[in-house]
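Understanding the architecture of this molecule
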Amino acid sequence: MNKQAKPIRIPDLVDRKKRGQKIAMLTAYDATMARLLDRAGIDTILVGDSLGMVVLGYETTLPVTLDAMVHHTRAVSNGARRALVIADMPFLSYQVSIPEAVRNAGRLIQEGGDAVKLEGGRAVADVVSRLVEIGIPVLGHVGLTPQSVHQLGGFRRVGKSSDEAAHVIEETRILQQAGAFAVVLESIPDEVAGVITEELAIPTIGIGAGPHCDGQVLVSYDAFGLYEEFTPPFVKRYADLGNTIVKAASEYISDVQNGRFPAAGRARTAAARERGQ
Ligand code: KIV
């Protein structure tokens, strides 16, 4: 457990960029996963609204509510000791008005988030400025912005044409100007991510945006093989937990059905003894 290690703070991330040290981010949605990622030494945990798809079973992130994000942010914050916890602002929680955005971001911070993330550039610049002004750090997110999936015409790569690339680059400039402490670049060409990373003073965190970014983020359920509906082509599978769980569950089912578990007079485990069971 990394309990003794110094917690990661926003200035540490900006410092990492200056020193050329990459930032590692993964998503988590509950305390157990947060505890495990923290133990592994992750720098920052994103409570992504991807939870709508990988945990709640929706086809997009659009149905995710602020209450759901609050609930999961609390859980992740309970599990993380060292990692910086960033809470995603869900669809419609920051687009309606600045006062509403302030109230909703504030709620995520009160529930244990260290910062919030929201999608967009120019369209959300005033919201970003206001949040930063009142002390809420903001992570931007451009390129493939899943909350705009209908406008984009699907979960597709963004920035392949020179017009689209120029637009994405401009959006990141606006976010930096508005005070974002870093920006997620999702599904944009490697060279566009390289240009942005070179130009900005704030760190870029890539997902499907190639190796030039200052850090990388993956949806943990993709990286660990837990979400089998769809895996984006850029994902590297670091574990096959989905199949591991199916195998373990099958073994348990067979043990129960065949009377092998529980074994008569089976010795209590050390953990059970500790729990007084
Ligand atoms: O919701 C999420 O998990 C995200 C990442 C994919 C960056 O926004």
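These remarks concern the structure in this document. (Residues numbered from 1 in each chain as written. Predicted model: local features only at pLDDT ≥ 70, side-chain atom pairs only at ≥ 80, totals over all residues. Heavy atoms only, no water.)

1. Notes on the pattern of salt bridges
Evaluation of the coordinates by the stated rule reveals 14 salt bridges. In this structure, Asp88 and Lys117 form a salt bridge, with 2.9 Å as the shortest nitrogen-oxygen distance. Taken together, the residues span a long stretch of sequence, with Asp88 in strand β3 (residues 84-88) and Lys117 in strand β4 (residues 115-117) at a distance of 29 residues. Comparing Asp88 with Lys117, the two get one shared label, buried. Arg122 serves as the salt-bridge partner of Glu170, at 4.0 Å between the closest nitrogen and oxygen. Here Arg122 lies in the loop between β4 and α6 (125-133) and Glu170 lies in helix α8 (residues 162-178), a separation of 48 residues in the sequence. Given a relative accessible area of 30%, Glu170 falls into the partly exposed group. Given a relative accessible area of 56%, Arg122 falls into the exposed group. Each member of the salt-bridge network shares a partner with another, and the members are Arg122, Glu170, Arg173 and Glu199. (Salt bridge = Lys/Arg side-chain N within 4 Å of Asp/Glu carboxyl O. Helix = DSSP H or I, 4+ residues; strand = E, 2+ residues; numbered from the N terminus. Buried < 20%, exposed > 50% of the residue type's maximum accessible area, 1.4 Å probe, protein only.)

2. Notes on helix α9 (residues 190-199)
Buried residues of α9: Val192, Ala193, Gly194, Ile196 and Thr197, and no others. Of the surrounding elements, those touching the buried residues of α9 are α1 (10-19), α8, β6 (182-186) and β7 (204-207). (Contact = heavy atoms within 4.5 Å.)

3. Remarks on the site of the ligand
As a structural note, the neighbourhood of the ligand is formed by Thr27, Leu46, Gly48, Asp49, Ser50, Asp88, Lys117, His141, Glu186, Ile207 and Val219. Within the contact set of the ligand, an oxygen atom lies 3.0 Å away from a side-chain nitrogen or oxygen of Asp49. Protein burial of the ligand: of its 260 Å² of free accessible surface, 96% is covered by the chains. Per-class residue counts for the shell around the ligand are three nonpolar, four polar and four charged. (Near = heavy atom within 4 Å. Polar contact = N/O pair within 3.5 Å; in protein donor to acceptor, adjacent residues only side chain to side chain. Areas by Shrake-Rupley, 256 points an atom, 1.4 Å probe, with all protein chains shown as cover. Nonpolar A, V, L, I, M, F, W, Y, C, P; charged D, E, K, R; others polar.)

4. Here's the deal with the side chain of Thr27
Mapped onto the elements of the fold, Thr27 is located in strand β1 (residues 23-27). According to the relative accessible area criterion, Thr27 is buried, its value standing at 2%. Excluding anything up to four places from it in sequence, Thr27 contacts Leu37, Ile45, Leu46, Ser50, Leu218, Val219 and Ser220.

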